Amino acid sequence: MAEEELSSSLEFTPTWVVAGVCFVIVLLSLFAERGLHKLGKYLLHEKQDALYEALQKLKEELMLLGFISLLLTVTQRSISRICIPAHVATHMLPCKRETAEHKTPAHYFLNHSTNNGRRLLSAETTSDHCQLKGKVPLLSLEGLHHLHIFIFVLAVVHVIFCVSTMVLGGARVRQWKRWEESIQKDRRSGKSTAQVGHHHRAFLKERADGYWRRAAIIGWMIAFFKQFYGSITKSDYIALRQGFIKEHCPGNPDFDFHKYMMRTLEVDFRKIVGISWYLWLFVVLFLLLNVDGWNTYFWLAFLPLILLLLVGAKLENIISRLAQDVEQTGVRANEGATRVRPSDEHFWFNKPRIVLNLIHFILFQNSFEIAFFFWIWSTYGIHSCIMEKLGYIIARLIMGVIVQVLCSYSTLPLYVIVTQMGSKFKEGMFDETVHGAIGIWAEGAMSKSDDSKRSSSHGIHKMINNEASTTVDVAEQEMVVMERTINVLPCQVQPPSSS
């Protein structure tokens, strides 16, 4: 064994092998780096700043993965040489041992009969080190290697799932563009008022007709099934659009609501493409509870589906409640007097952002399920004890596909339009040019205010103090004007059309 280990070290490896492997690794890394760089330049050229920031977030996640990989590689020998009593290593196992003899230095993370037989260098040496003490390794080199691969697969699958969901969901939202165009066309031809009034009445009839709809149980049942078919109709879109414009942009009835929604979708994408600390904590918790006989892997598969159905039903219920609020005015024919009134009160804890956090968790949990499945399959085989029964495997895969499709074509589009019904407009209200100009303006006004206050604090002469005080007042007035402009600007200036 010592001779085999010695012959496989770099000291006795042909130089052409070492150079060839290094060349391939460096070449692939350069291709990946230049590809991401070119993609970033393309997004900037197309003025897709939100997607560019999402790409930067993706690079941050890759850098974090690289650091985790480096940390595992550097510390793997030290970790594997930590020894623990053999009886401690027999508790909370993901798979049962074939033998009851706990003194053997067998691999205890998974049974040897289920892995693919791959052995890392120095594995026997590490086991011998602990065996001499009558103990077993805390985690073998092979186990560390497999854990390393799992973390990488999880991050890659999560990014792929987020991108696919946003692409498919964005395609569904883009289908509403024809509704926006028809509204603009009717407005130019003078038919806008009649058409909007017609769709407004249809919206109320579909969403608020019948006193029985006000019952909480019935309302939630209707909302639950509504998310599966016709979750958003043209009447819904027009009514919600009118409510948003009347609330936030009363001076600009031609405001492009669809373009605004697409910008907010891009802003939200850069937030969910990352893996937050609480998601990594969830991974650690699952690995802790993945004990043989608990069927944690199977029951966990229901969590994203249940949460997704709950979020979809909640979003549909919010639309119905907005319609019922209009119904309570008692004047259904006059669209202008009974418009939809956006409010945070309809969202959980009066915070629309909670919906985005739940969708983020759902996408991560679903990608975790799929990544864990393929990792176990490729590492230990389809018959691994962690895979459990074949029926469980099929059920988990089916639920994963359902979650991905439903989130892409129903829940995400619902989120995009319903969360605009909050008390405040979202970050995507401004295009990047206006957003940058306002940021520079705000920094200039704040800097002028701070400089003036410092001048007044060190003032010696009364005239200097008066002048500084006057400048502070002017700066504060500029800030007030800026805040008003933030609320009014998007309603007075139509965002430029993208080429």
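Residues numbered from 1 in each chain as written. Predicted model: local features only at pLDDT ≥ 70, side-chain atom pairs only at ≥ 80, totals over all residues. Heavy atoms only, no water.

If you check an unreviewed UniProt entry, the protein chain appears there as MLO-like protein from Rosa chinensis. If you open the UniProt record of the protein chain and go to Sequence similarities (unreviewed entry), you find "Belongs to the MLO family." (UniProt positions renumbered as here; feature names shortened; annotations may be inferred.)

*Asks:* Would you mind showing me how to read the overall build of the protein chain here?
*Replies:* Counting secondary structure elements, the protein chain contains 17 helices and two strands. In the protein chain, which comprises 499 residues, the share counted as buried stands at 43%. In the protein chain, once contacts between residues fewer than 6 apart in sequence are set aside, the share between residues at least 24 apart is 80%. Only carbon and sulfur atoms are counted for the fraction: they give 64% of the accessible area of the protein chain, which is about 27,100 Å². (Helix = DSSP H or I, 4+ residues; strand = E, 2+ residues; numbered from the N terminus. Buried < 20%, exposed > 50% of the residue type's maximum accessible area, 1.4 Å probe, protein only. Contact = heavy atoms within 4.5 Å. Areas by Shrake-Rupley, 256 points an atom, 1.4 Å probe, with all protein chains shown as cover.)

*Asks:* Explain the UniProt feature "transmembrane region" (unreviewed entry) in the protein chain to me, please; I cannot follow it from the model alone.
*Replies:* Annotation from UniProt places "transmembrane region" (unreviewed entry) at residues 12-32, 62-79, 147-168, 272-291, 297-315, 354-377 and 397-418. End C-alpha to end C-alpha, residues 12-32 measures 31 Å, and it is 86% helix and 0% strand. For residues 297-315, the helix share is 95%, the strand share is 0%, and the end-to-end C-alpha distance is 29 Å.

*Asks:* Got a minute to help me understand the side chain of Ser231 in this structure?
*Replies:* Mapped onto the fold, Ser231 is located in the loop between helix 8 (216-226) and helix 9 (234-248). Every residue in contact with Ser231, bar those within four places of it in the chain, is listed here: Arg207, Lys226, Asp236, Glu316, Ser410 and Leu414.

*Asks:* What am I meant to see in the pattern of salt bridges here?
*Replies:* When their charged atoms lie close together, side chains carrying opposite charge are able to pair. Overall, the coordinates contain five salt bridges when judged by the stated rule. One salt bridge connects Arg34 with Glu33, and the closest N-O pair in it is separated by 3.6 Å. Residue Lys226 is joined to Glu206 by a salt bridge in which the shortest nitrogen-to-oxygen separation is 2.7 Å. Of this pair, Lys226 sits in helix 8 while Glu206 sits in helix 7 (residues 192-208), placing them 20 residues apart in sequence. (Salt bridge = Lys/Arg side-chain N within 4 Å of Asp/Glu carboxyl O.)

*Asks:* Help me out: how do you make sense of the nonpolar core in this one?
*Replies:* Generally speaking, a soluble globular protein has its nonpolar side chains buried in company with each other. The biggest cluster of nonpolar side chains holds 91 residues, and the ones touching the most others in it are Tyr237, Phe368, Phe372 and Ile417. When residues of this core are assigned to their parent elements, the largest contribution, 15 residues, is made by helix 14 (residues 353-380). If you count residues domain by domain, this core takes at least three from each of domain 1 (7-95 + 129-139) and domain 2 (161-429). (Core = buried A, V, L, I, M, F, W, Y, C linked by side-chain atoms within 4.5 Å. Domains from an automatic or database assignment.)

*Asks:* Looking at this structure, I do not really get the environment of Leu287. What am I missing?
*Replies:* Note that Leu287 resides in helix 11 (residues 277-289). Exposure remark for Leu287: the relative accessible area of 35% places this residue in the partly exposed category. C-alpha of Leu287 to C-alpha of Pro94: the two residues are 193 residues apart in sequence and 9.0 Å apart in space. Beyond its immediate stretch of four places on either side in the chain, Leu287 contacts Leu147 and Phe150.

*Asks:* Looking at this structure, how should I read helix 13 (residues 302-327)?
*Replies:* Along an α-helix, a turn takes 3.6 residues, which lines up residues three or four apart on a common side. The terminal C-alpha atoms of helix 13, which comprises 26 residues, lie 37 Å apart, in line with the 38 Å expected from a rise of 1.5 Å per residue. Counted residue by residue, helix 13 has 20 buried out of 26 residues, so it is predominantly covered. (Expected span 1.5 Å × (residues − 1).)

*Asks:* What's the story with the packing of aromatic side chains in this structure? I'm lost.
*Replies:* The way to describe two aromatic rings as a pair is by their centre distance and the angle between their planes. With the rule as written, the count across this model stands at 26 aromatic pairs. Each ring, one from Phe244 and one from Phe257, has its centre 5.2 Å from the other, and the planes form 45°; the classification is tilted. Of this pair, Phe244 sits in helix 9 while Phe257 is found in helix 10 (residues 257-272), placing the two residues 13 residues apart along the sequence. With a centroid separation of 6.2 Å and an interplanar angle of 25°, the aromatic rings of Phe374 and Trp377 are classed as stacked. In this pair, Phe374 and Trp377 both sit in helix 14, three residues apart, roughly one turn of the helix. By way of ring pairs, the aromatic residues Phe150, Phe282, Phe286, Phe361, Phe368, Phe372, Trp375 and Tyr380 are connected into one cluster. (Phe/Tyr/Trp six-rings, centres within 6.5 Å; stacked < 30°, edge-to-face > 60°.)

*Asks:* Looking at this model, I keep getting lost on the side chain of Arg396. Mind explaining?
*Replies:* In this structure, Arg396 sits in helix 15 (residues 390-418). You can call Arg396 buried: its relative accessible area is 5%. Non-local contacts of Arg396, meaning those with residues more than four positions away in its chain, are made with Tyr297, Phe298, Ala301, Glu369, Met387 and Glu388.

*Asks:* Is there a simple way to explain a nonpolar patch on the surface in this structure?
*Replies:* Together, Phe23, Val24, Leu27, Leu28 and Phe31 make up a nonpolar patch on the protein surface, roughly 520 Å² of accessible area in all. Residue placement: Val24 occurs in helix 2 (residues 15-45). Note on Val24: relative accessible area 44%, which makes it partly exposed. (Patch = residues over 30% accessible without salt bridge, like charges linked within 9 Å, V, L, I, M, F, W, Y side chains within 5 Å.)

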